[in-house]
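# Structural overview
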Amino acid sequence: MGSAKKSSASRSARIEEMRRAEKARERRNRLLVIAASVVVVAGLVAGSVVLVQSQSDDDGGAAADSKNSGKFVTGADGVRKWEGELGRNHVTKAVDYAVSPPVGGDHNPVWMNCNGDVYTDEINNTNAVHSLEHGAVWVTYNASADKADVDALAAKVKKTPYTLMSPVDGQKDPIMLSAWGHQRTVTGAEDPNVDAFFEKFVQGEQTPEPGAACTNGLSK
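Structural notes, computed from the coordinates. Because the structure is a prediction, the values reported are computed rather than measured. (Residues numbered from 1 in each chain as written. Predicted model: local features only at pLDDT ≥ 70, side-chain atom pairs only at ≥ 80, totals over all residues. Heavy atoms only, no water.)

Its 12 residues place the ends of helix 4 (residues 147-158) 16 Å apart at the C-alpha level, agreeing with the 16 Å of an ideal helix rising 1.5 Å per residue. Those residues of helix 4 lying buried are Asp149, Val150, Leu153, Ala154 and Val157. Axial view of helix 4: buried residues confined to an arc of 135°, hence all on one face. In helix 4, the exposed residues that point more than 90 degrees away from the buried face are Ala148 and Lys158. (Helix = DSSP H or I, 4+ residues; strand = E, 2+ residues; numbered from the N terminus. Expected span 1.5 Å × (residues − 1). Buried < 20%, exposed > 50% of the residue type's maximum accessible area, 1.4 Å probe, protein only. Arc of directions from axis to C-beta.)

Now the structure itself:
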């Protein structure tokens, strides 16, 4: 019992720290926007650089790196880990991912908001993968999922920074959890593996860009 309370307190403290960090990043972003609006010339130069980079990404195309070489290897804890390369290029075209939902690979330059965001319609995979790169856990479900489980998971997501949730009709199991390079199936909202996955992978060691924003992105 004492260990469970300690783990819960630790998780709550980490979530609170992520909320504070997110608010601090938002304040910094506002200051940067103000500074950019004053220094017009610098803003124009930066815009030119972004445009050139965007054109470069377009020229590369999505098809070249859309199929990431590798395969899932299932661990003793039931989590499937992607063994192989996962591209991290920014692309503006559709990406044909090797698995559904995807667990990484080339993605859109704009992330889906993942500050406990729950989407009732399907979202673009390429934006969601960018969220995974920032350390988010993506909860997905198909039409076979029990409504009570969907509602309970949505409530959990809404309380947890660096998470998002959406339907994915093409996935093979009713409820799945995904992080960058990792994925597992769960039986429902009460499955203890839900908390275990959140504990390990929300801003976990697998995160390519720890601390990157989960707000000010795409909200559908």
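And the narrative resumes.
Moving on, we get to the sheet that holds strand 3 (residues 115-118). Pairing is mixed across the open sheet formed by seven strands, whose spatial order is 1-2-7-6-4-5-3. Of all the strands in the sheet, the pair left with one neighbour each is strand 1 (70-74) and strand 3. Neighbouring strand axes in the sheet, compared pairwise and without regard to direction, differ in orientation by 20° on average. Where strand 3 meets strand 5 (residues 163-167), three bridges bridge the pair, whose relative direction is parallel. Across the sheet, Asp117 pairs through a bridge with Leu164, a residue of strand 5. The sheet contacts of helix 3 (residues 125-133) involve strand 4 (137-141), strand 5 and strand 6 (175-179), and relative to strand 4 the element is tilted by about 140°. (Pairing = 2+ DSSP bridges. Axes fitted to C-alpha atoms, helices over the stretch in contact; angles between N-to-C directions. Contact = heavy atoms within 4.5 Å.)

Our next topic: the environment of Val186. Positionally, Val186 belongs in the loop between strand 7 (182-185) and helix 5 (192-201). A sequence separation of 10 residues divides Val186 from Met176, and the C-alpha atoms of the two residues are 6.0 Å apart. Not counting residues within four places of it along the chain, the set of residues in contact with Val186 comprises Ile175, Leu177, Asp191, Asn193 and Val194.

A separate point is the packing of helix 4 against helix 5. Their axes nearest at 13 Å, the elements helix 4 and helix 5 cross at an angle of 25°. One finds that helix 4 runs roughly parallel with respect to helix 5. When you trace helix 4 past helix 5, the crossing you get is right-handed. Of helix 5, the residues touching helix 4 (which contributes Leu153, Lys156 and Val157) are Val194, Asp195 and Phe198. (Parallel < 35°, antiparallel > 145°, perpendicular 65-115°, else oblique. Left-handed = near helix turned anticlockwise from the far one by under 90°.)

This part takes up the side chain of His134. Mapping His134 onto the fold places it in the loop between helix 3 and strand 4. A polar atom in the side chain of His134 sits 2.5 Å from the backbone oxygen of Ala213. The contact partners of His134, leaving out residues within four places of it in the chain, are Trp111, Tyr162, Gln203, Thr207, Glu209, Ala212 and Ala213. (Polar contact = N/O pair within 3.5 Å; in protein donor to acceptor, adjacent residues only side chain to side chain.)

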